[in-house]
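# Observations on the three-dimensional arrangement
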Amino acid sequence: NAAEAALAAIPTYGTAATADVTTSATDQTAGRVYKVGDDVGITFGTNANGEFTRFPDGTMICTRTLASSSQIITAEANLFRTASNPWTYPSTFVGSAPKVSGFVVSGAAYSWVTSGGSNTSISIAQWAVMRAGSLTAIPTVTLTATGRWK
């Protein structure tokens, strides 16, 4: 579609250059980003804590792939889990804590990511990997947090 083509034409991550911005909802020139209010397009960023994407409507999505700090050997009712792991978001959210989800990308088949805990906030999430049986491997996960940046 036209929006995907426009975003694909932006040469680098970051804030769009002035020439790449339009206020016309009908402008479908490749490489242009639609300006909403005082905000210009979609901005991207990355640092040691992951990547973030900010949308003009105030939505922000943060992602990161990282390894657990432990094996899946702690008994939790009839399941096993890793230790609780922190993830400091690459950019701080505003308002309430974002919705966090994740999936295991390696090291622990038939496992899932759980998030939550009293320390999950607008700047950090707590997560662990769970499964039906213990496992001495260190799982790697990809996490996504979706919330507000303004």
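Above this text is the structure in question.
Notes on the structure in this doc start here. Since we're looking at a predicted model, the values are computed, not measured. (Residues numbered from 1 in each chain as written. Predicted model: local features only at pLDDT ≥ 70, side-chain atom pairs only at ≥ 80, totals over all residues. Heavy atoms only, no water.)

Within this structure, the stated rule accounts for two aromatic pairs. With a centroid separation of 5.0 Å and 85 degrees between ring planes, the pair formed by tryptophan 87 and tyrosine 89 is classed as edge-to-face. Since its relative accessible area comes to 0%, tryptophan 87 is described here as buried. For the pair tyrosine 89 and phenylalanine 93, a centre-to-centre distance of 5.1 Å together with 90 degrees between the ring planes defines the contact as edge-to-face. (Phe/Tyr/Trp six-rings, centres within 6.5 Å; stacked < 30°, edge-to-face > 60°. Buried < 20%, exposed > 50% of the residue type's maximum accessible area, 1.4 Å probe, protein only.)

Quick look at the pairing of strand E6 (residues 59–67) now. For strand E5 (residues 50–54) and E6, the ladder comprises four bridges, and the chain directions are antiparallel. Across the sheet, the residue bridging to arginine 54 is methionine 60, located in E6. Where E6 and strand E13 (residues 140–148) come together, nine bridges link them in antiparallel fashion. Paired with cysteine 62 across the bridge in E13 is alanine 145. (Pairing = 2+ DSSP bridges. Helix = DSSP H or I, 4+ residues; strand = E, 2+ residues; numbered from the N terminus.)

Bringing the pattern of salt bridges into the picture now. This model, assessed by the stated rule, comprises one salt bridge. A salt bridge links arginine 81 to glutamate 76; the nearest nitrogen and oxygen atoms lie 2.8 Å apart. With a relative accessible area of 23%, arginine 81 lands in the partly exposed category. We classify glutamate 76 as partly exposed; its relative accessible area is 36%. (Salt bridge = Lys/Arg side-chain N within 4 Å of Asp/Glu carboxyl O.)

What follows covers the nonpolar core. Residues Cys62, Trp87, Tyr89, Trp127 and Val141 are the most contacted members of the largest nonpolar core, which totals 18 residues. Elements that contribute at least two residues to this core include exactly E6, strand E10 (94–106), strand E12 (124–131) and E13. (Core = buried A, V, L, I, M, F, W, Y, C linked by side-chain atoms within 4.5 Å.)

Taken in spatial order, the five strands make up an open sheet running E4-E5-E6-E13-E10, and their pairing is antiparallel. A single partner strand is all that each edge strand has here, and the edge strands are strand E4 (43–47) and E10. Adjacent strand axes in the sheet meet at a mean angle of 15 degrees when their direction is disregarded. (Axes fitted to C-alpha atoms, helices over the stretch in contact; angles between N-to-C directions.)

Take the environment of leucine 66 next. Summarising the element assignment, leucine 66 is placed in strand E6. Considering only alpha carbons, one finds leucine 66 and threonine 142, 76 residues apart in sequence, at a separation of 6.6 Å. Other than its neighbours up to four places away in sequence, leucine 66 contacts Pro86, Trp127, Pro139, Thr140, Val141 and Leu143. (Contact = heavy atoms within 4.5 Å.)

Phi is positive for alanine 77, which is not a glycine, with a value near 55 degrees. A relative accessible area of 80% places alanine 77 in the exposed class.

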